[in-house]
Structure formats: C-alpha cells, structure tokens
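Inside the fold
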Amino acid sequence: MTAPTVAGAFGALREQLTDAAAAFAGSPDALGAILSGMVEDVDRALGERLEIFPVCHHSPASALAMVRRLRAKQPRVIYLELCEDLQPLLGELRNCRLPVAVQAFASELSGFPADWGPLSVVAPVTEASAEYQAIAYALETPGVELVLVDRSTDHVFQWSPRDQPTSDAGPAAEGGDVGTAAVTGEESALHGDAVGVEIGDLRPRFAELEAYLLHHGKVRHWSEWWDQYIERPLADADHDTYRQVMVLIGSLFRRLRPAGSDRLDRDEDRERYMWTRMRQHLATSGVDPTDCLYVCGAFHAASRVEQFGLGSTADDFEITPRTGTRWRYGLIPSSHSAIETQFGLAPGSVSIAAATWTKAVSRHGLSPYRLDGQRTSTTQRRRGQAPTAPSRAAGPVSDRLTGFLAAPPDLNGLDEAELRGWCVDIVRLARRNGYLASTADAIAVFETSVLLAGLRNRARPTPYDFADAAVTCIEKDVVPGRRDVRRLCEILLGGDRLGQVGYDALPPLARDVLDRLQPLGLALEKRTVQRALLDLTGQPELARCSDLLWILRHLLPPDAVRPIMGERRLGHRSIQESWDLALGRNQRALIELGYEGVTVEQVLEQRLRRAVRGPDATAAAALAAVEDAIRLLDSPRLVDELGARAVDLLAAERTVDDAPDVLRRVRRLLAHYRATSPTLPAWCEAFVTTGYAQYCTLLPTAIAAEETEVRQVAAMLGFLFSMEGLALSLGCDRSQLELAVAQAHPTAPAKVALLWAGQHQLGLLPLAELRARCAELLGNPLVLPAFPQYLAGFVHALEPVPGLAPFVVETMSNAFARLPDPVLLPWLPTLISTLRDQGPELVPLLVREAGRTFPTALPELDSWVPPWMAPSSPARTVDVAAPLRPVGVLLAAHPEAVDAVAALLGCPGGWQPLPDPPADRSALSALLNGHPETAAALAALLAV
C-alpha cells in the first residue's frame, strides 16, 4: 500500500495543519503527525475505487446522506458492516415495527468457556439509521444485492479475550463497535445482556479528551456534543463534505487510540476480514467496483491495514473456521431506551434523533426507503419524488474540508413556534402526571431555554437545553408521580418508541403459543396487561390453555404470565382460574424460547434435563424437577428418568446442606403417589433406601461438624425416622440407624438435644430419664446460659420426633419459669426468628399441644396445676381385673393378635382362664402391667 503524495487535493490543508501544529506545540512532530495523518486518511479513503460510505449508528445525518447517495448513485451491490450470518433475517424486517434487533443466540456452547453462556448478539435497527436505508433499498430494488461482510457472531466471541470478566451473555466488550452494559428497567431490558453490534461508534476512547470536549462544548454527555457539533452541521451538507468530515473524525479517534491495544488489534482484524470478503465477492461476481457501495463505521473507513483497498497486494486475511456452537437467529423487539442503555448513549438521545430525522425528511422533501409491508406509527413513505439519474462514476476528489472547518457556525435563528409548542406541551404533560404546573411555568421554561442556549454559545435552544429548563422550572425537588420531568421531555420529543416483531417473523414456538391461546379471545400481541378468565368446568376446552399457561409461567419472566386465582400442585387442579397476561410486553423472552425448541413442552423437558445433568445439580433440584414434570408434563418416562437421576445425585452427595429440602419434597412426592397410584415407582423406593443408607452414613460426621446447622441434622433424622417403616419393608437394616446414633457424639447443645430426641425415638432413652436430664441442666448454674440452645434443639426435634411435642411444651414452660431474665429476654427474639425462618411448620404442633395443656379460660389459671407437676396418678399401676375388664374382653376375642404382640415383646406365660368371665390371662396381664401407658390410652379411647 503506497502512501499518498503531499501534492494532491488536500495538500494545502495538510500544510495549514502542519504549520498550526508547529505554532501551538512548538514542534510539528507529535501533533503535526496526527493532523497530517488525518488528512492522509481522508485522501486515501476517498481515493479508493470502491466507494466507502462512513456512517455513525442511529445518526439522522448519516441516514439523510445515505438516502441522497442511494438515489444519486443507485449501486448494484451494497457491502454492509454487519455480521455475515445475520443476512437471512433481514427480509423478516418487513413483518416488524421498528425498532427491532436482529439477534443470534446460543445456549449450548462448543469451543467457548462454559461460564460465558448463554451467548447473545444483537444488532438494533431503527428507521433513522443509514444501515436501515441501505437494507430497504437493497431488498426493495430489483437487481440490487446486499452483502454482509463483517465477522460472524461466532467470531465475535472467538476474538474476545478468554480472561475477560463475563456477564450472563458472554464477554464484556469494551467500546468500539461492540459493547455491553447493565440494563435496568422494563423497556431497557429488551436486549437483556446481549452483546450489541453497532456500526460507526465514534465515541473517543480517551477519557481526558472526552472530558475536554464536554467541558468546552458546555454539554453533559457525548451524545449531546455529537448532536450539537456534528449532527446538525452535517444534516444539510453535500455528499463529498459529509464523507470527508466523517472520515476525518474517524481518523482522529483512531489515531488517539493507543497502539497495540487488544481492542485496536481486534478492530484491525475486522477490517482485514471485511476487505477479504469484499475481494472474494468481487472476484466471484464480476461486478464493477464503481457500481458498489461499502457502508461501514467512520472508524473503519480510516483503516490503515495492509488489506485496505482493492489495489492492495497483501494476501487475504486467514479466516478461521467457526466453532461447533449451534447458533439460532431471530428478531426481538427493541426500544429507544434499550439502545441508549446498551450502547451508553444519553437518555432520550435516540428519541431526539428519531424526531430530528422526521423533521429533516419533511424539511428536505426526501423520500426515505422503506420495506414494503413495514408497519409504522410515524413517518409514512412519501410518494411522487422522481428518482435522480444514477451517477456511478466518481469524479476527482475536491477539498471540501478546508471550507467546512473554516466556515463559521450556521446561526439559525430562534424557532419561537417550535419552542413555544414544546413549552405548552410539557406543561400539559406535567399536569397529567401530578405536577402543579401552569401557564407561568410554560413562560418560565421558554425564557430559561433561551437563557441556557445563550450561556452555552448556541444560537437556538436544543432539546437538551429545553429539557434542562423544564426540570429547573417545573420539577424543582419533588416528583409526585412515577415519571420525572426529564422523562416527560423524552416522551414529548419523540417518546420511547417500542418495536414489535410481527406474527410471520416469529419463530415456530412463539406462533404455536399464540395459536394455542386463541380460544381465550384476547389480543395477546398488545403490550397491555390482559385478564383471562378460565371456567374449566363450564368450558372444558380451555383446559389445554390452562396447561400451556402453567408451562409458560414456569419458563417466562414472572410478569409475563401471572396467576391471580387458581393453583396447580401435586394432585390438585383448580376448576376456575384467572390470569394476567403480558406476552406482548415480554415478546423477547417468548422469542428466545423459540431458539431452544419447537414447542414449549420440548423446551421445558430440555430445561428439566439440564437442571439435573448440570455440574451443580443436587438431589433437591432433581426432586424439584420431578415435581415440575408431574405438574406440567404428562410424561411418566421423563419422571422416571429424572427420579433415577435424583437417586444417583443423592448417593453422590457428601454433605447434608439440602437435607431439609430433600425431606420436604420426598414427603410430598410419596404422599402424591400413595394417593394416586397403587404402588410406588421403582425410583421412589430406590430413593428411600439410598437416602436411608446415605444419611445413616453421614449422621455421625454431620452432627459433629460445626458447619452443619441444627436444621439440617433435624432434617436428616426426620428422613430416617419418617421413612424408617418404608425403608425396613424394602430391605434396609434398622441396626444401621442404631449404630449411626451410637456413633454420634455432638458437642453443640442444640445437636445434643437432637441426639437425645433420636435416642428417645429409638427407645434407648425413656421419657423419664430425658425429663431428668433437662431438670439437671436447669439446676446447674453453669449450664443455664446455654439452656436456650438445648431448647432450640428440642424445638427442631419436633421434625423427626413429633411425639415430643408435650415434652417440648413442658420444657419450654419450665425454662420460662426458671431461667433468669438476663438469659431469657435476649433469647426470646432469637427463638421467634428461628421458628419463623427455619421451622414455620413446627409452630402449629407447639400451639396445638399448648392449647391442650394450658387452661382455656383465665379464671381457671389460678387453680391450674401443670400436668408434669401434678402428683403421680394411680392410673400408672393398672388393675386389669377392674378398670380394664372391657379391654380384656376385647383382647380375649382376638387371641392371635395378643400372642403375636406378647411374643414380640418377649412376655412369658400362656393363656389361663379367669375366675369371672372374661377369663383372666396371665400373658395379657403381664403385657398390660408392663406397658401401663398403652393400657391407659386404650382405655381412654374405649371410654371405659
């Protein structure tokens, strides 16, 4: 690539800039090299046979210049800087209302770090953009070919640094043509965390330069500076002036970027990629380069890579193959605020650009290009403008920069009618939103706008000046509603226009969802929240809509499908349901579901499988997936598969962190199967036996570990005791549990109390001895400060041993009576918060038991004696002959059962006749005398 000579169209300008650099810097070396290099970049770009059209994304000036050039040149081929694999989607823009974003999405990665997924790339398209005008011209003009030449979406992430911090959507890019930003708010979240592909971002990369420009330009944001000093002057410029100025600006910011930076290297690789693709297309198509137009960002128009230009002798850039990642493509709705947030533009700048575009089109009488069938709510296509004759041959380059840079600013006078209309309308909007605004405020906004424009050396107030004046005069320091005055100004000056993808451009899944919900009779494409009422008894055909809505509830954001009335849980379906539907507002989420499958059932099945097959999958998550599969999908095969995976995950766990969740879910599933199926599934039986063996193994270690919480140990014991009967019937050995309890040696007081409860449940610790141990603790002054911890352990013990509820009430009452206030009072808030957060299901047990124990009326309290403090009752020594004679009659009628129980308990003796019928039996007497509590309970049950 040969360097341009000094003698040329820009020789005089180059000499002027060199002399100016020497005068200001004292030497022409550093600054002079930059200034003269900028002129060389302009000379080289404009002298290229393939016409380069530099643009800035979402710039009305670029769009106006593009419309003029397309009508004048009428090129046969347009090379556009956009990811080449997005080209098949551009025709679907006919079915959409702009702004929308072309998206590439990948959830299953191959060749990329796993923590980058899912990957998403978006290219937002607005009507006031040069690239949309080029796309519309190419697609609507016969014989014109549109070729996207930028790297593919796969290469976007291939070229991203692997050690760079990532978000949910991939690597966080830094400036340039690719950028990511945290997106907040309903409309600004339309792009999610996608990487945005932008054409012609001209934001400078030096913070010092940007601060200098903003300070001396008396503006707050780069978007305002660009609108004031670039956008408006270029709106009325001719084609040559526009190109030279844009290339000059792109060259300036390119030369200010540090050499050798990763970002610059990637941009240069992109330029090599694009020039290689254009050479390949020209070679295969045989098109004359003078009939082509290369649309790219102004930064890339000033490229200095060796492959630049058709006359370059450098080898083509080696394009690496794509990875095995499967990309899915589609269109998603966008909005002005989403574009502003993602690309770091000032709030309202895209709306102001859209309003400027509409005004400029009307003022210049232009007829912008538009796709046939394009839905719109604003600018309509103008008819009757005769196309100009095509001008394909580029004439000699003439210097337009010198005159443009030396000319004074165009002092447009104050448009009082426009400003007055703004002031009246903003007061009207403010009053609608709760502000106490009046005609005086409109006058104040008018005068303040003019004043601010004068202070900022502007001949006429800009929309930014008007917004500042409105905030100052109307809002002051109070915002009565949810919209502040600056937001009202954005609405007034153009609004946050929201795009929508048409039905024909939706993926098959989204169309299937809308078709299946048609029986509801709602316009689901609208962005308003709509209420759906389903009477499943009177209209059984709506049951399928209900099934679909519950699946969408699981897959979409919470506000997209929200149940108002009705629920769906295991074994229960409501007969009436009410829903709030906002599918139009959440169209992006619905579209991205289409990238994962053809139907929502397929997507749900895939997600459930991924949930149990992922590296962080747990047994609790697998049980949750089983519940979802039962509730939402009628697929026993999938349930068995997920259940078998839950068994494997439980056997592989080495901690008990999820024991509470596992216990709660497996109890619910067992209850469901016992109520709906004659037998338990094989995976349920395997889960119980595996969990019994697993928790018996982990119990000694977990109960002694400091990091294991009391609630987790209680859940382990709850699983072992509540599942013991089923586990033993399936072949488990009870001695395994007894050995695990015997090997447990906790040190924490709460865990010690849990162990005592477990020993009591196993029959190793009688209630009398347990009561004696607690009394000993209360009688030891050294242990009193720790006694609340023992009591907390007993409260958690109600999970595995609910029969201890009377004892827990007794112990808690003794604690309240005997603990000193310095110990008791600080512990009470802890007890309440513990019961509320960790054991809400245990509170009803305590309340019911306390209700049975304590008197129900206040007068009875004075004479009430707690049962545990009452004198021993003679009922504990049972007289079989007198009070339990009916019991003897009952048992004598069933001797086989009595013999079996006696043999189980090891009671000696046989049947002997009693002197008075029914005959007394020594085995029965021994049995009842050995277990007086059981006999007393049975007598009370029979009311004898």
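In what follows, the accompanying structure is described. Only a predicted model underlies this, so the values are computations on that prediction, with no experimental measurement involved. (Residues numbered from 1 in each chain as written. Predicted model: local features only at pLDDT ≥ 70, side-chain atom pairs only at ≥ 80, totals over all residues. Heavy atoms only, no water.)

1. Here we look at the packing of helix H31 (residues 787-796) against helix H33 (residues 821-837)
When two helices pack together, their arrangement is captured by the angle between the axes and the distance separating the axes. Quick note on the threshold: Only the stretch in contact is used when fitting a helix axis, every axis being a line fitted to C-alpha atoms; angles between N-to-C directions are given from 0 to 180 degrees. Going along the chain from the N terminus, every DSSP run of H or I of four or more residues is numbered as a helix, and every run of E of two or more is numbered as a strand. When describing relative orientation, an angle under 35 degrees is termed roughly parallel and one over 145 degrees roughly antiparallel, while 65 to 115 degrees is termed roughly perpendicular and anything else oblique. Should the near helix be turned anticlockwise from the far one by less than a right angle, the crossing is termed left-handed; should it be turned clockwise, right-handed. Note on contacts: a residue pair qualifies if any of its non-hydrogen atoms lie within 4.5 Å across the two residues. When residues are grouped by polarity, Ala, Val, Leu, Ile, Met, Phe, Trp, Tyr, Cys and Pro land in nonpolar, Asp, Glu, Lys and Arg in charged, and all others, Gly among them, in polar.
At a closest axis distance of 11 Å, the pairing of H31 and H33 adopts a crossing angle of 25°. Here H33 runs roughly parallel to H31, going by the angle between their axes. As for the relative orientation of H31 and H33, their crossing is right-handed in sense. Counted together, Pro788, Leu791, Val795 and His796 of H31 and Val823, Trp827, Thr834 and Leu835 of H33 form the full contact between these two elements. Here the residues of the contact of H31 with H33 sort into six nonpolar, two polar and no charged.

2. What to know about unusual backbone geometry
To be explicit about the condition: Throughout, exposure labels follow a simple rule: accessible area from a 1.4 Å probe, protein chains only, divided by the maximum for the residue type, with under 20% read as buried, over 50% as exposed, and the rest as partly exposed.
Cis rather than trans, the peptide bond between Leu98 and Pro99 has omega equal to 5°. A positive phi angle, near 55°, is found at His58, a position not held by glycine. Looking at His58, the relative accessible area reads 8%, which means it is buried. Unlike most non-glycine residues, Gln74 shows phi in positive territory, near 50°.

3. Re the side chain of Glu231
For clarity, the cut-off: As used in this structure description, the phrase polar contact means that two N or O atoms lie within 3.5 Å; if the pair is within protein, one of them must be able to donate a hydrogen and the other to accept it, and residues adjacent in sequence are counted only when both atoms belong to side chains.
Counting through the fold element by element, Glu231 comes out in helix H7 (residues 222-235). Of the polar contacts made by the side chain of Glu231, one reaches the side chain of Ser59; its length is 2.8 Å. When sequence neighbours within four positions are dropped, the list of residues in contact with Glu231 reads Ser59, Pro60, Ala61, Ser62 and Trp226.

4. Focus on the pattern of salt bridges
Close approach of charged atoms allows side chains with opposite charge to pair. Convention followed: A pair is scored as a salt bridge if a Lys or Arg side-chain nitrogen falls within 4 Å of a carboxyl oxygen belonging to Asp or Glu.
Throughout the structure, instances matching the rule amount to 40 salt bridges. Among the salt bridges present, the one from Arg486 reaches Asp468, with a minimum N-O distance of 3.2 Å. Here the residue Arg486 occupies a position in helix H17 (residues 485-492), and Asp468 occupies one in helix H16 (residues 463-475), the gap between them amounting to 18 residues. Residue classification places Arg486 among the partly exposed residues on the basis of a relative accessible area of 30%. Judged by its relative accessible area of 7%, Asp468 falls in the buried class. In this structure, the salt-bridge partner of Glu567 is Arg569, at a minimum N-O distance of 2.2 Å.

5. Details of the sheet that holds strand S6 (residues 145-150)
Here is the rule: At least two DSSP bridges between two strands are required for those strands to pair.
Read across the open sheet, the four strands follow the order S1-S11-S2-S6; overall the sheet is parallel. Bordering the open sheet on either side are strand S1 (51-55) and S6, each of which pairs with just one other strand. Looking at each pair of strands side by side, their axes are set apart by 30° on average, direction ignored. Strand direction decides the pairing type here: strand S2 (residues 77-83) and strand S11 (residues 292-297), joined by four bridges, are parallel. Directly across from Ile78, in S11, lies its bridge partner Leu293. Where helix H4 (residues 130-140) meets the sheet, it contacts S1, S2 and S6, and its direction lies at approximately 130° from that of S2. Along the sheet, helix H9 (residues 262-285) makes contact with S1, S2, S6 and S11, crossing S6 at roughly 145°.

6. A word on the packing of aromatic side chains
To keep things clear, this is the line we draw: Aromatic pairing here means that ring centres of Phe, Tyr or Trp (its six-membered ring) are within 6.5 Å. Orientation follows from the plane angle: under 30 degrees is stacked, over 60 is edge-to-face, and everything else is tilted. Definition used: whenever NZ (Lys) or CZ (Arg) falls within 6 Å of the ring centre and also within 35 degrees of the ring normal, the charge is taken to sit over that ring.
What the rule picks out here adds up to 18 aromatic pairs. Note on Trp116 and Phe157: the rings are 6.5 Å apart at their centroids and 55° apart in plane angle, and the pair reads as tilted. Pair noted here: Trp116 is in the loop between strand S4 (100-106) and strand S5 (119-125) and Phe157 is in helix H5 (residues 153-158), with a separation of 41 residues, a long-range link. The class for Trp116 is buried, based on a relative accessible area of 1%. Overall, the relative accessible area of 0% leaves Phe157 in the buried class. Every member of this aromatic cluster is reached through a ring pair, and the members are Phe112, Trp116, Phe157 and Trp327. We note Arg44 situated over the ring of Phe308; from NZ or CZ to the ring centre the distance is 5.6 Å. A cation over an aromatic ring shows up here: Arg71 above the ring of Tyr369, its NZ or CZ 4.3 Å from the ring centre.

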